[in-house]
Amino acid sequence: MAGPFVIVGAGQAGVQIAESLRQEKYAGPITLIGAEAHAPYNRPPLSKRFLLDRPELASLAIRGPEALQRRQIDLQLHTQVTAIDRQAHQVVLANGGRVSYGGLALTTGARLKTLPLPGAELAGVFGLRTIDDALNIGAALDHCLSAAAPLVVIGGGFIGLEIAATACKLGIEVTVLEGLSRLMSRVVAPIVSEAVARVHAAHGVGLLFDVKIAALEGRLGAVSAVRTAAGQLYPAGCVVVGVGVNPDDSLASAAGLECERGIIVDECARTSDPLIVAAGDCTARRRTDGSLLRLESVQNAVEQGKSAAAALLGRQRPFTAAPWFWSDQYDLKLQMVGLSQGYDEIVTRGNLEQPAFSAYYLRAGKLIAVDSLSRIADHMNARKLLDRGMTPTAAQIADEAFDLGSLLRA
Amino acid sequence: MPGALQVNCIEPDGQRVRVQISDGWSLMQGARAQGVQGIDAECGGACSCATGHCYVAADWLARLPPPAVNATQMLLNVAAERRAGSRLGCQIRITAELDGLVVEFPERQV
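Because the structure is a prediction, the values reported are computed rather than measured.

Quick look at the overall build of chain B now. The helix and strand inventory of chain B stands at three helices and five strands. Sequence-ordered secondary structure for chain B, helices as α and strands as β, is β-β-α-β-α-α-β-β. Looking at the 110 residues of chain B, the share that counts as buried comes to 45%. Sequence-distant contacts in chain B: of pairs separated by 6 or more residues, those separated by 24 or more amount to 65%.

When helices and strands are counted, chain A shows eleven helices and 26 strands. Taken against the 2.2 N^0.38 rule, which gives 22 Å for 410 residues, the C-alpha radius of gyration of chain A at 22 Å falls within 12% of a compact globule. Its C-alpha atoms put chain A at 65 × 55 × 35 Å along the principal axes. Expressed as a percentage of its 410 residues, the buried residues of chain A come to 48%.

Bringing the domain arrangement of chain A into the picture now. Assigned domains within chain A: domain 1 (5-111 + 245-312), domain 2 (125-241) and domain 3 (331-409). Between the C-alpha centres of domain 1 of chain A and domain 3 of chain A the distance comes to 33 Å.

Across the boundary between the two partners, chain A contributes 29 residues, which contact 21 residues of chain B. For the side of chain A that touches chain B, the secondary-structure elements that each account for two or more residues are helix 3 (65-70), helix 8 (298-312), strand 22 (324-329), strand 23 (332-338), helix 9 (376-387) and helix 11 (405-409) of chain A. By residue number, the principal contributor to the side of chain A that touches chain B is helix 9 of chain A, which donates six residues. For the side of chain A that touches chain B, the class distribution of residues is 13 nonpolar, seven polar and nine charged.

Judged by nonpolar contacts, the single largest core of 150 residues is most densely connected at Ala105, Leu151, Val239 and Ala278 of chain A. Counting residues per element, this core draws most heavily on helix 8 of chain A, which supplies eight residues.

All names here are of chain A. Burial along strand 7 (residues 103-106) is two-sided: the residues Gly103 and Ala105 and Leu104 and Leu106 are all buried. With four bridges connecting them, strand 1 (residues 5-8) and strand 7 associate as parallel partners. From the neighbouring strand, isoleucine 7 faces strand 7, where its bridge partner is alanine 105. When strand 7 meets strand 19 (residues 276-278), the two strands line up parallel, connected through three bridges. Note on strand 19: the bridge partner recorded for leucine 104 is isoleucine 276.

Residues and elements named next belong to chain A. At a closest axis distance of 8 Å, the pairing of helix 1 (residues 12-23) and helix 8 adopts a crossing angle of 40 degrees. One finds that helix 1 runs oblique with respect to helix 8. Viewed along their axes, helix 1 and helix 8 form a crossing whose handedness is right-handed. Between helix 1, through Gln12, Ala13, Gln16, Ile17, Ser20 and Leu21, and helix 8, the contact on the second element is made entirely by Val298, Ala301, Val302, Gln304, Gly305, Lys306, Ala308, Ala309 and Leu312. A per-class count over the contact of helix 1 with helix 8 returns nine nonpolar, five polar and one charged.

Another point: the sheet that holds strand 11 (residues 174-177) of chain A. Residues and elements named next belong to chain A. In spatial order, the strands read 9-16-10-11-12; together these five strands make up an open sheet with parallel pairing. Only two strands of the sheet have a single neighbouring strand rather than two, namely strand 9 (125-126) and strand 12 (206-208). Pairing geometry for strand 9 and strand 16 (residues 238-241), over two bridges, is parallel. Across the sheet, the residue bridging to phenylalanine 126 is valine 240, located in strand 16.

Turning next to helix 1 of chain A. Residue and element names in this part refer to chain A. Along its twelve residues, helix 1 runs 16 Å from first to last C-alpha, staying within 8% of the 16 Å computed at 1.5 Å per residue. Taken residue by residue, helix 1 has Gln12, Ala13, Gly14, Val15, Gln16, Ile17, Ala18, Glu19, Ser20 and Leu21 as its buried positions. Buried residues in helix 1 make contact with strand 1, strand 2 (30-33), strand 3 (73-76), strand 7 and helix 8. Positive phi appears at lysine 25, one or two residues downstream of helix 1, with a value of about 75 degrees.

In the predicted model, chain B carries a mean pLDDT of 85, and the fraction of residues at 70 or more is 89%. Across chain B, element-level confidence peaks in strand 5 (residues 101-104) of chain B with a mean pLDDT of 94 and bottoms out in helix 3 (residues 69-74) of chain B with 83.

All right, on to the sheet that holds strand 19 of chain A then. All names here are of chain A. Spatial strand order, 3-2-1-7-19: five strands in an open sheet with parallel pairing. Each edge of the open sheet is held by one strand with a lone partner, namely strand 3 and strand 19. Averaged over all pairs of adjacent strands, the angle between their axes in this sheet comes to 20 degrees, without regard to strand direction. Two elements, strand 2 and strand 3, share four bridges in a ladder whose sense is parallel. When the bridges of strand 3 are listed, threonine 31 appears paired with aspartate 74.

Let us now look at unusual backbone geometry. Residues and elements named next belong to chain A. Following glycine 3, the chain continues into proline 4 via a peptide bond in cis, with omega recorded as -5 degrees. With respect to the element layout, proline 4 can be found in the segment before strand 1. Backbone geometry places serine 374, a non-glycine residue, at a positive phi of 50 degrees. Within the secondary structure, serine 374 sits in the loop between strand 26 (366-373) and helix 9.

Reading the values: the criteria
- Residues numbered from 1 in each chain as written.
- Chains lettered and ligands numbered in written order.
- Predicted model: local features only at pLDDT ≥ 70, side-chain atom pairs only at ≥ 80, totals over all residues.
- Helix = DSSP H or I, 4+ residues; strand = E, 2+ residues; numbered from the N terminus.
- Buried ≥ 20, exposed ≤ 12 C-beta atoms within 10 Å, placed from the backbone.
- Contact = placed C-beta atoms within 7 Å.
- Rg over C-alpha atoms; globule rule 2.2 N^0.38 Å.
- Domains from an automatic or database assignment.
- Nonpolar A, V, L, I, M, F, W, Y, C, P; charged D, E, K, R; others polar.
- Core = buried A, V, L, I, M, F, W, Y, C linked by C-beta atoms within 7 Å.
- Pairing = 2+ DSSP bridges.
- Axes fitted to C-alpha atoms, helices over the stretch in contact; angles between N-to-C directions.
- Parallel < 35°, antiparallel > 145°, perpendicular 65-115°, else oblique.
- Left-handed = near helix turned anticlockwise from the far one by under 90°.
- Expected span 1.5 Å × (residues − 1).
- pLDDT = per-residue confidence, 0-100.

Written out as structure tokens, the structure is:
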């Protein structure tokens, strides 16, 4: 399709599309519209380094505004898109303005899930998605530190655990309340959950499972404790809620694009409208077997972004590589590749106690995913093994003296 | 930019770009923010994603501390050729000793 190209959402995926269009030698107009006031920035450090070191905001930049300007990418910040007019090929802005497109890319990201609980609106209760959220959490952690007040984290997923680890490093007493029976249960096997739980416990973080929250209690409008359905009270100087996100497909679905918990795209990032592509957290990818795959990751934003840019230029660049993710907690480096759902066998490699091991997930004898805890070489080899559809034998996996990378060179 | 140091970046197509990077920033943060081509993304300098593979020019290598084991392992199986100067840009902290550093970025990251 022909330009001008308009990209709604100035995060990782949006910036990638703009840059890839230029790399693919498209020289026409590109407008990159962001709802936030900040220039495009990296989100992964927000739960970790950013809270720990409080670096200047500019150091989080994906691309600085000047760099985008040099490539003649028209960055419009603090700009809310309220509708897509598919007949007129325009997006409608909150100020009533309209921007015409020849091709449109939606990179609208995801929104935090919230807790439908009494007290959820109290001051001192946070979710983490944006720089502004992180600045607020940083200030609240400072308050916890100076008042010797504990942090309560609701949700034992990646974001919650990363914030717990960061706050613990800062010297704050931390309790994590998880609704299910183990950490990160949606993504990793029990053996991995247990290893990560041991690391948190060793750092003095309190972990409670199968907790049903009844309410957040407040004093003078600010949160002071979390009360469980069982009647227990956990005092809190602040509360971070990390219970996941919902893809932001509101614009797309209002415009009649096919959506199902995300904007449905094919492997080339194309939506049900031939003039519209989508990439990143807001999408649900239809795979060749018909199933929908939702990924929330930097890799997905970048790779779908590249696919989306190609699609805007009428080319096909399918994204089919094995998905990978990471999480840093204390000195533990958790790296995951592949999708482990439906595994029927796990083979481990390394030291479970330390922990420094990898869990290799197999289904019907075929390798489908690998979770590595402080086992970087295993992770990097696993990315390639999975991309090539290769499965080492159980004996090769378990034998640390065997170099799994040698299979790739054979 | 106050306290900025010069780094000479060679983009995948051979174009040389001189960028200013603040003292104490990582090579990755500075080069990426200023739009140097050849960098996909970043994990926040945590050495977790392997998308910051770059080649440090031979005459500068001796001024860098040796790469940590973590960083060396992250460079296993990266898409572009491994060379003596292969490093992860997020693990190179720009200081006065590295003012004028020359570094090249490969065509593909992962």
